[in-house]
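# Fold and contact review
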Amino acid sequence: VLFVKFFTMNSIFIFELKAELNSDKKEKKKEAVKKVIASMTVGKDVSALFPDVVNCMQTDNLELKKLVYLYLMNYAKSQPDMAIMAVNTFVKDCEDPNPLIRALAVRTMGCIRVDKITEYLCEPLRKCLKDEDPYVRKTAAVCVAKLHDINAQLVEDQGFLDTLKDLISDSNPMVVANAVAALSEIAESHPNSNLLDLNPQTINKLLTALNECTEWGQIFILDCLANYTPRDDRESQSICERVTPRLSHANSAVVLSAVKVLMKFMEMLPKDLDYYGTLLKKLAPPLVTLLSAEPELQYVALRNINLIVQRRPEILKHEMKVFFVKYNDPIYVKLEKLDIMIRLASQANIAQVLAELKEYATEVDVDFVRKAVRAIGRCAIKVEQSAERCVSTLLDLIQTKVNYVVQEAIVVIKDIFRKYPNKYESVIATLCENLDSLDEPEARAAMIWIVGEYAERIDNADELLESFLEGFHDESTQVQLQLLTGIVKLFLKKPTETQELVQQVLSLATQDSDNPDLRDRGYIYWRLLSTDPVAAKEVVLAEKPLISEETDLIEPTLLEELICHIGTLASVYHKPPSAFVEGSRGVQHKRLPGSAESVESPEPASAAVPEASPSIIPSQGDLLGDLLNLDLTPPTSTAAPPPTSGLQMGAMDLLGGGLDSLVRPLGGDLGGNPMGAGFGAPASAMPPSFSAPASGGLDDLFDLGGGVGMPTGAYTPPKTMWLPAMKGKGLEISGTFARRSGVIQMEMTLTNKAMSVMTDFAIQFNRNSFGLAPAGPLQVLTPLSPNQSIEVSLPLNTLGPIMKMDPLNNLQVAVKNNIDVFYFSCQYPMSVLFSEDGKMESKVFLVTWKDIPNDNETQCQIKDCHLNSDAASNKLQGSNVFTIAKRTVEGQDMLYQSLKLTNGIWVLAELKVQTGSPVFTVSLKCRAPEVSQAVFQSYEAILRN
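The following refers to the structure shown. Everything numeric here is computed off the predicted structure, so don't read it as measured data. As a convention, each chain's residues are numbered from 1 in the sequence order in which they are written. Per-residue local features are limited, in this predicted model, to residues with pLDDT of at least 70; the limit for side-chain atom pairs, both in listing and counting, is 80 or more; totals at the level of whole chains, interfaces and linings are taken over all residues. The side-chain quantities take in all heavy atoms of the structure and omit both hydrogens and water.

## Section: the overall build of the protein
By definition, any uninterrupted DSSP run of H or I lasting at least four residues is a helix, any uninterrupted run of E lasting at least two residues is a strand, and each is numbered from the N terminus. Regarding its fold elements, the protein presents 37 helices and 13 strands. Only protein chains enter the calculation, and the probe is 1.4 Å; a residue is then buried if its accessible area is under 20% of its type maximum, exposed if over 50%, and partly exposed in between. Counting the 945 residues in the protein, one finds 51% classified as buried. Between two residues, a contact is recorded if the distance between any of their heavy atoms is within 4.5 Å. Pairs at least 24 residues apart make up 68% of the contacts formed inside the protein by residues separated by at least 6 positions. Per-residue accessibility takes into account occlusion by the displayed protein chains alone, with areas from the Shrake-Rupley method and a 1.4 Å probe. Accessible area for the protein stands at about 43700 Å²; split by element, carbon and sulfur atoms hold 51% of it.

## Structural notes on the sheet that holds strand E8 (residues 821–827)
Strand pairs in the sheet, formed through backbone hydrogen bonds, run parallel or antiparallel to each other. At least two DSSP bridges between two strands are required for those strands to pair. Taking strand neighbours across the sheet as the criterion, the three strands line up as E4-E7-E8 in an open arrangement whose pairing is antiparallel. Of all the strands in the sheet, the pair left with one neighbour each is strand E4 (762–765) and E8. Strand-to-strand twist across the sheet, computed as the mean angle between neighbouring axes with direction ignored, equals 25 degrees. Where strand E7 (residues 810–816) meets E8, seven bridges bridge the pair, whose relative direction is antiparallel. What counts as an axis is a line fitted to C-alpha atoms, over the stretch in contact for a helix, and the angles between N-to-C directions run from 0 to 180 degrees.

## A word on a negative patch on the surface
Patch membership requires over 30% relative accessible area and the absence of a salt bridge. Like charges are linked within 9 Å, and nonpolar side chains (Val, Leu, Ile, Met, Phe, Trp, Tyr) within 5 Å. By definition here, a salt bridge exists when the distance from a side-chain nitrogen of Lys or Arg to a carboxyl oxygen of Asp or Glu is within 4 Å. Note that His is not counted, nor are the chain ends; the positive residues are Lys and Arg, and the negative ones are Asp and Glu. Where a charge lies is defined by one atom per residue type, namely NZ (Lys), CZ (Arg), CG (Asp) and CD (Glu). On the surface, a cluster of negative charge is made up of Glu463, Glu466, Glu470 and Glu500. Structurally, the position occupied by Glu500 is in helix H28 (residues 499–510). Judged by its relative accessible area of 66%, Glu500 is exposed.

## So, the nonpolar core
Residues grouped as a nonpolar core are buried Ala, Val, Leu, Ile, Met, Phe, Trp, Tyr and Cys residues, joined through side-chain atoms within 4.5 Å. Residues Tyr71, Leu125, Leu357 and Phe417 are the most contacted members of the largest nonpolar core, which totals 210 residues. No other element matches the 10 residues that helix H12 (residues 173–189) contributes to this core. Discounting residues that sit within four places of it in the chain, Tyr71 has contacts with Val36, Ile37, Met40, Val46, Ser47, Leu49, Phe50 and Val53.

## A look at the environment of Glu440
Relative to the assigned elements, Glu440 resides in the loop between helix H24 (428–432) and helix H25 (441–453). Linking Glu440 and Glu408, residues 32 residues apart in sequence, is a C-alpha distance of 9.5 Å. If we skip the residues at most four places from it in the chain, Glu440 touches Arg370 and Gln407.

## Comments concerning the side chain of Asn766
Within the secondary structure, Asn766 is located in the loop between E4 and strand E5 (773–774). Any pair of nitrogen or oxygen atoms within 3.5 Å is treated as a polar contact; in protein, a donor-acceptor pairing is required on top of that, and neighbouring residues in sequence qualify only through side-chain atoms on both sides. At 2.6 Å, the side chain of Asn766 forms a polar contact with the side chain of Gln812.

## Observations regarding unusual backbone geometry
Omega for the bond connecting Asp806 with Pro807 falls within 30 degrees of zero, at 0 degrees, which places this linkage in the cis form. On the secondary structure map, Pro807 appears in the loop between strand E6 (789–797) and E7. If you check the backbone angles, His574 has positive phi at about 60 degrees while not being a glycine. Note on placement: His574 falls in the loop between helix H32 (569–573) and helix H33 (623–629). In the Ramachandran plot, Lys729 falls in the positive-phi region, its phi being about 50 degrees despite a non-glycine side chain.

## What to know about helix H13 (residues 200–210)
Residues of H13 that are buried: Thr202, Ile203, Leu206, Leu207, Ala209 and Leu210. Looking down the long axis of H13, one finds its buried residues gathered within 160 degrees of arc, a one-sided arrangement. For H13, the elements touching its buried residues are H12, helix H14 (215–225) and helix H15 (233–243). The reported arc concerns the directions from the helix axis to the C-beta atoms and nothing else.

## Here's the deal with the pattern of salt bridges
In the structure shown here, the tally under the stated rule is 35 salt bridges. Taking the shortest distance from any N to any O, the salt bridge between Glu408 and Arg374 comes out at 2.5 Å. One end of the pair, Glu408, is in helix H23 (residues 403–419); the other, Arg374, is in helix H21 (residues 366–382), with 34 residues separating them in the sequence. The class for Glu408 is buried, based on a relative accessible area of 6%. Taking the shortest distance from any N to any O, the salt bridge between Asp820 and Lys729 comes out at 2.7 Å. Note that Asp820 is positioned in the loop between E7 and E8 and Lys729 in the loop between strand E1 (720–723) and strand E2 (731–740), a separation of 91 residues in sequence. Residue classification places Lys729 among the partly exposed residues on the basis of a relative accessible area of 26%.

## So, the sheet that holds strand E9 (residues 857–862)
Taken in spatial order, the five strands of this open sheet run E9-E13-E12-E11-E10, and their pairing is antiparallel. Both edges of this open sheet fall to E9 and strand E10 (882–889), since each of them pairs with a single strand only. Here the average twist between neighbouring strands, direction ignored, is 20 degrees. Where strand E12 (residues 906–914) meets strand E13 (residues 920–926), seven bridges bridge the pair, whose relative direction is antiparallel. Counterpart to Ala909 in the pairing with E13 is Leu924. Seen against the sheet, helix H35 (residues 842–851) touches E9, E10, strand E11 (892–900), E12 and E13 and runs at an angle of roughly 95 degrees to E12.

Structure (structure tokens):
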């Protein structure tokens, strides 16, 4: 009954509105449209009125037209056929004398996401982009971005992108700002397109428009400027000078965008420049001003300031007081201020900071008090001169007997002991008095560590640890692990008194526990103690490395990226956009590439590990894999070693098989017996009596001769930019990789774009998929003067540590000079790993091709390749891809080829060349299909260049 009643009332309502919409009176019609919009806003379905509302478009009343357009935007998607009725009115409105109506029409058409309407939008949009009124032009610029989102191909075909680029030179600053915003939006969804081709002339136009456009226009322009790399420090200073006035803007978003630009361009300025110091002073006041806003804005500002302080603490080093906590600050603001206070703490202000922190430790908010106590410990570790005062403050707090304060104090005192050994151990007795009050795992674990580490100074250490042992299985894993280590330390220091105690804890850890970490540590200690107590003492009681000053700093490469995202959500989350934005749209990686290991002392070639058998690529971070696969002994004979069974990558030993796995059937046992005769021997060493199976298929193909001409030279890719000067503090590195006479060369051009001389160059690589490592030091024999370039060729070997990278041919590099250490990553072409002994015998090829599972076959096409089969074969042979045989079937040449990577992986290929066709088809077979994609890329590069 209720449903029928509602349905009847709704029908009457719609009927009444329909009558009013068709009324001759303008006011009545306008009121009716307002009712329709109001009903639509609260969720009522008024789509039945679509034709009646569309009829109201034919009016000169701007207010009524806006309401009708609003209705259209909402319902056009559900009624695309009806929406086409409105197209003529749109086109007509785009030529209306009133610029507001022209802009309104083009804006609405851009918001109607219906493919059928899109094609009708092109002509009106083209006219509006060149309209005489700037309001229409700026609206049309945004409409191009909306249209691109609906149909990117249409926008490119119609030439709208070029028109949009022309609008950057528009005389009206708001048109410029909207054009930049639209191009930036489109560029984000197509990161590889060079839409915003920024050059000094364009930058000058943007800076001119910056002073006159609205605040949001300024943000668009500043964000665009942040993506530009200045040619030199002079241009960088010029841009900074013109951006600096934005720091005094009332809108905090404009301020943060300006700060982002200045933080990036400061990288190019020499630190001894007077302007550099002036800029540092100018950056502090606007950041401080942001802290007088509402708490929510304060929090965003503080998260950004946290990043800035980690990168350049000198900017706010004199502004400590503004970060002191106020009583009415929300907890999220308090905690963030506390974090920044520690980062700015120095010998000059430590007394002031400690007095504040001690006051905070008596607050009522438990989370804030805990953080304040920890902050005191961090001050002690960061500022050595204050350590004694910090310890004294912590002892005062312990005397308050407030449970959570005591527990936090014990945790931080443990870190102070690690930082300053044999200095403050006199406080241990006070700590032991509070043993019974500890109920949090971290505090209990810290206390156990202290008792175990300083057992020789504590008379009743065995009793204290035994008290923890009584509830061993009820403790958290953190406490159990610490207790196990603590009692083993105690046993090694007082063996006669604690033998029973150590046996008890080892039994609990190994026999009564189901935690694998605990069991493994227990067994390691048990075996150490039972086989070699001296070694056990050296391992367990080894001198501890001192803990670092700042353990919670953001990793440098991530910090670089976050600085590039100041003023965005990434700077609040302290995570790169890729971590929280789904898909690739809008995610651009603006950062220095992943860091390599320290480059303080790159190992010369003579220190390299002797060549061992092909080893497995462990997954990234698999340190155990690295350790297990390092063979530090020289080979004892020339015979191939037996295959390792070690770690697997997926279901495949990626680099462990090498040639051994490819010639597995050649021992005569085609059923797959790995220990058959001839296992492990290279193809050239196969016994002459070997005979391939006499079945059809590929067998007869190898009776055809070679027919392969002389190879051309090896392919070397052109040099690309690896380290721009802005990221390298003036050092610019471009380079490529080549293989010459069997040696891999890393060829680089080093350019000094800084104002000072560069010396003391060194280089080191991170672990990578194929063990690439420098075969000697980086030879830069003379100092690199300003504006000077030098060519350097660095020979490489494949004896370095191995770790699987993504992509497989990614190489992370660290370069050091007298200025700093710089990190970048590059990708080497797989062709530099193709070895000279990669020509497989035809019979071996045949059996191997059949033996590799069909699932391991990858097929790709190479387009725009205008070569015949002989020319293609010669080109590939120049890069160590060898043609085993060739045959022609119905005008199509089939080349059968083999290549061998430096780690022993064989790749077999079938290359199909159709006479007169520029499209080649490559089929690759390999026991390690993970390498196929990278090998195909090398095929494509060799054949198309």
